[in-house]
Amino acid sequence: MEILQRHFPELSSEQVSQFSQLQPLYEEWNSKINVISRKDIPNFPTRHLLHSLSIAKFILFKKGTKIMDLGTGGGLPGIPLAIFFPECRFHLVDSVGKKIMVAKEIAARIGLKNVFFFHARAESMNYKYDFIVSRAVAPVAELLQWSKGKISPHSHHAISNGLICLKGGNLEDELREVKKFVKIPLSKWFEEPDFEGKYLIHIPTK
């Protein structure tokens, strides 16, 4: 966890303990159900934990913030963010039941209390969120369609409520029709080679 503590020195001992349990748990579950790429397991702290926590470099969610992790898969970025922001409420949503089951089991094993799991399609969720986060799930146009009507117009942060997605590669075509967005290279915060060509995209609701 040295790399995590170097980038986030404010982590409590409880958070460090929770983060340190994640790699063995994902290795255990990945041997049964393929929830993350097997070639990424040796680089789990950078390619999955730090990647997920890049959102915490962009915004510090206030107490009580409601966040949906759209297409959470095995719980990324939702579980790392829920550890980092214990006073926020996270809904982890995925249409694949076995992946939600894995995320739920991992969260239970590390004692997370601020996450709730939904085996559902995002567009069927009847809740309002401050932010919807997503990690390499689908093209931006689809994420916006699935998020439609799910984000509260009342913002409590300096950064407007909206969609925050982590994506890589050439995003010019995906963002061509988006009127307003912020695109930040993750290399702004992390010097590790894994973050070259990776971006955080924030699309505000207004």
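Our structure's up above, just so we're on the same page.
Note that the coordinates shown come from a computational prediction; the quantities given were computed from them, not determined experimentally.

Let us now look at the environment of E142. Along the chain, E142 turns up in helix 6 (residues 140-147). Residues E142 and K62, spaced 80 residues apart in sequence, show a C-alpha to C-alpha distance of 28 Å.

A few words now on the packing of aromatic side chains. With the rule as written, the count across this model stands at eight aromatic pairs. The structure contains a cluster of three or more aromatic residues connected by ring pairs, namely F8, F61, F84, F85 and F131. Directly above the ring of F116 sits R89, whose terminal nitrogen or CZ lies 4.2 Å from the centroid. Stacked on the ring of Y199, the Lys or Arg K183 has its end atom at 4.5 Å from the ring centre.

Evaluated as defined, the whole model comprises eight salt bridges. Ionic pairing is found between R6 and E192, a salt bridge with its closest N-O pair at 3.4 Å. Of the two residues, R6 sits in helix 1 (residues 2-7) while E192 sits in the loop between strand 6 (182-185) and strand 7 (198-204), which places them 186 residues apart along the sequence. A salt bridge links E28 to K32; its shortest N-O distance comes to 3.8 Å. Residue classification places K32 among the exposed residues on the basis of a relative accessible area of 53%.

Analysis parameters
- Residues numbered from 1 in each chain as written.
- Predicted model: local features only at pLDDT ≥ 70, side-chain atom pairs only at ≥ 80, totals over all residues.
- Heavy atoms only, no water.
- Helix = DSSP H or I, 4+ residues; strand = E, 2+ residues; numbered from the N terminus.
- Phe/Tyr/Trp six-rings, centres within 6.5 Å; stacked < 30°, edge-to-face > 60°.
- Lys NZ or Arg CZ within 6 Å of the ring centre and 35° of its normal.
- Salt bridge = Lys/Arg side-chain N within 4 Å of Asp/Glu carboxyl O.
- Buried < 20%, exposed > 50% of the residue type's maximum accessible area, 1.4 Å probe, protein only.

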